[in-house]
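# Close look at the chain arrangement
Here is what each chain is made of, one letter per residue.
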Amino acid sequence: KRAGLARALMLRPELLLVDGAISSADLRHAHWWLGFLDALARGHPVLGGQPVTLVATAEDLRPWRGHATHFALLAEQRFSVLGDWAQVEQDTSAALRVLLGETKPG
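Residues numbered from 1 in each chain as written. Predicted model: local features only at pLDDT ≥ 70, side-chain atom pairs only at ≥ 80, totals over all residues. Heavy atoms only, no water.

### Some details on the layout of surface pockets
Space inside the largest pocket adds up to approximately 780 Å³. Along the walls of the largest pocket sit 23 residues, with Leu54, Val55, Ala56, His70 and Phe71 positioned nearest its centre. Among the elements of the structure, helix 2 (27–42), strand 2 (53–57) and strand 3 (71–75) are those that each provide at least two residues to the lining of the largest pocket. For the lining of the largest pocket, the element with the most residues is strand 2, which contributes five residues. (1 Å grid on protein atoms, 1.4 Å probe; cavity = no way out; pocket = protein on both sides within 12 Å on 5 of 7 lines; lining within 4 Å. Points joined across faces, edges and corners; volume = space filled by probe spheres on them. Helix = DSSP H or I, 4+ residues; strand = E, 2+ residues; numbered from the N terminus.)

Here's what the structure looks like:
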């Protein structure tokens with residue numbers, strides 16, 4: 001995953017798509033990924049200080065609290081913009097409750 005990220009950053013993107021960056025990572029690596037992605041979003045020196053817009057997929061939204069600023073949900077072939085974390089917490093959809101670890105899939 002890090003090699004793929006390095007290849008992508010060589011192109012100095014304005015938008016970076018990140019598929020499941022922390023889904024299989026242990027706690028230490030998940031912390032690294034979240035910190036590095038935060039730095040990219042703010043404007044990391046590796047990109048000349050230019051901020052990058054990140055679009056990330058996740059199977060669990062809880063680690064993204066305090067990191068991501070906007071959330072959306074793709075469930076049952078429907079894309080829904082949720083908004084910020086406060087709006088995520090207010091949403092009652094079953095698919096979102098699974099992503100928050102409150103219920104089990106199925």
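What follows continues from the structure just given.
### What to know about the nonpolar core
Core analysis: the largest hydrophobic core is formed by 24 residues, its most contacted members being Leu40, Leu61 and Val88. Counting residues per element, the ones that place at least two in this core are helix 1 (2–10), strand 1 (15–19), helix 2, strand 3, helix 3 (85–90) and helix 4 (94–99). For Val88, the residues in contact, after removing those within four places along its chain, are Leu61, Phe71, Leu82, Gly83, Leu96, Arg97 and Leu100. (Core = buried A, V, L, I, M, F, W, Y, C linked by side-chain atoms within 4.5 Å. Buried < 20%, exposed > 50% of the residue type's maximum accessible area, 1.4 Å probe, protein only. Contact = heavy atoms within 4.5 Å.)

### Let's talk about the side chain of Arg97
Here Arg97 is to be found in helix 4. Here Arg97 is in contact with Val88, Glu89, Asp91, Thr92, Glu102 and Thr103, once residues within four sequence places are set aside.

### A short note on the pairing of strand 4 (residues 78–83)
Within a regular strand, side chains alternate between the sheet's two faces. With five bridges connecting them, strand 3 and strand 4 associate as antiparallel partners. Note that in strand 4 the partner of Ala72 across the bridge is Val81. Counted between consecutive antiparallel strands, the loop separating strand 3 from strand 4 contains two residues, among which Glu76 sits at a positive phi close to 55 degrees. (Pairing = 2+ DSSP bridges.)

### Let's talk about the pairing of strand 2
In the sheet, strand 1 pairs with strand 2 via five bridges, with the strands oriented parallel. The residue bridging Leu15 from the neighbouring strand is Thr53, located in strand 2. In this region the chain leaves strand 1, passes through helix 2 and returns to the parallel neighbour strand 2; the handedness of that crossover is right-handed. (Right-handed = clockwise from strand over helix to strand, strands pointing away.)

### Description of the packing of aromatic side chains
Between two aromatic rings, the relevant description is the distance of the centres plus the angle of the planes. A full pass over the atoms with the stated rule returns three aromatic pairs. Aromatic pair Trp32 and Phe36: ring centres 5.2 Å apart, planes at 5 degrees, arrangement stacked. Here Trp32 pairs with Phe36, and both are found in helix 2, just four residues apart, close to one helical turn. Residue classification places Trp32 among the partly exposed residues on the basis of a relative accessible area of 32%. The exposure class assigned to Phe36 is buried, which follows from its relative accessible area of 17%. Judged by centre distance (5.3 Å) and plane angle (65 degrees), the ring pair of Phe71 and Trp85 falls under edge-to-face. Of this pair, Phe71 sits in strand 3 while Trp85 sits in helix 3, and the two are 14 residues apart along the sequence. The exposure class assigned to Phe71 is buried, which follows from its relative accessible area of 7%. Classification of Trp85 as buried rests on a relative accessible area of 13%. Pairwise contacts between aromatic rings join Trp32, Trp33 and Phe36 into one cluster. (Phe/Tyr/Trp six-rings, centres within 6.5 Å; stacked < 30°, edge-to-face > 60°.)

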